[in-house]
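# Residue-level structural notes
What follows is each chain in one-letter form.
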Amino acid sequence: YDSGVPNEILELDTREARSAARDILRSEGLHLRLSSGSAIWAATRLAQRAENAEKLILTVLPESGERYLGAAIAAAPSAPHPEILPLPQPALAAQ
């Protein structure tokens, strides 16, 4: 790691990363892990800055949760794996 390379380091906690990953799951259907949630969180914060108003913010999502879906299914509802986000429930059609 070369600390002279980044222009800025943004700090966040696990709850913020999990929340960002959960938001993307709900809005876009992408099942992401915490590192990707962190990238989404940081890109969103940068995009909200006035100096970035007309700029395109690009981020890389380092991993998806695809390989962990089996663990999500196997986990007991009362004790889910701490890094596995629950899949959204489909809306039931009104009868």
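So, here's what we can say about the structure.

Cut-offs and rules
- Here, residues in each chain are numbered from 1, in the same order as that chain's written sequence.
- pLDDT decides what is reported in this predicted model: residues at 70 or higher carry local features, side-chain atom pairs at 80 or more are listed and counted, and totals for whole chains, interfaces and linings draw on all residues regardless.
- For the side-chain quantities, the full set of heavy atoms in the structure was used; hydrogens and water were omitted.
- Only one rule defines a salt bridge in this text: a Lys or Arg side-chain nitrogen within 4 Å of an Asp or Glu carboxyl oxygen.
- Secondary structure elements follow DSSP: runs of H or I no shorter than four residues count as helices, runs of E no shorter than two count as strands, and numbering proceeds from the N terminus.
- The buried label goes to any residue with under 20% of its type's maximum accessible area, the exposed label to any with over 50%, and the partly exposed label to all in between, with areas taken from a 1.4 Å probe on protein chains only.
- What counts as an axis is a line fitted to C-alpha atoms, over the stretch in contact for a helix, and the angles between N-to-C directions run from 0 to 180 degrees.
- Reported orientations rely on four angle classes, namely roughly parallel under 35 degrees, roughly antiparallel over 145, roughly perpendicular from 65 to 115, and oblique for the rest.
- We call two residues in contact when some of their heavy atoms are within 4.5 Å.
- Each residue is assigned to one class: nonpolar for Ala, Val, Leu, Ile, Met, Phe, Trp, Tyr, Cys and Pro, charged for Asp, Glu, Lys and Arg, and polar for all the others, Gly among them.
- Each helix should span, by expectation, one fewer than its residue count multiplied by 1.5 Å.
- Regarding the arc, it is the one traced by the directions from the helix axis to the C-beta atoms.

Under the defined criterion, the tally for this structure stands at three salt bridges. When the shortest N-O distance is used, the salt bridge between R49 and E8 registers 2.6 Å. You can see R49 sitting in the loop between helix 2 (34–47) and helix 3 (69–74) and its partner E8 sitting in the segment before helix 1 (14–28), a full 41 residues away along the chain. The class for R49 is partly exposed, based on a relative accessible area of 26%. What makes E8 partly exposed here is its relative accessible area of 42%. The shortest N-O distance in the salt bridge between R15 and D13 comes to 2.9 Å. Residue R15 is classed as exposed on the basis of its relative accessible area, which comes to 65%.

Turning our attention to the packing of helix 1 against helix 2. Contact geometry for helix 1 and helix 2: axes closest at 7 Å, N-to-C directions at 90°. Put simply, helix 1 runs roughly perpendicular to helix 2. Of the residues in helix 2, those touching helix 1 at T14, E16, A17, R18, A20, A21 and I24 are L34, G37, S38, I40 and W41. Of the residues in the contact of helix 1 with helix 2, the class split is seven nonpolar, three polar and two charged.

Take helix 1 next. Helix length check: helix 1 (15 residues) gives 21 Å between terminal C-alpha atoms against 21 Å at 1.5 Å per residue, within 8%. Of the positions making up helix 1, those classed as buried are A17, R18, A20, A21, I24 and L25. All buried residues of helix 1 fall inside an arc of 160° around its axis, so they share one side. In helix 1, the exposed positions that point more than 90 degrees away from the buried face belong to R15, R26 and S27. Against the buried residues of helix 1 lie helix 2. Phi turns positive, to about 75°, at G29, one or two residues after helix 1.

By the secondary structure assignment, G37 is in helix 2. Assessed through its relative accessible area of 0%, G37 is described here as buried. For the pair G37 and L61, spaced 24 residues apart in the sequence, the C-alpha separation amounts to 8.0 Å.

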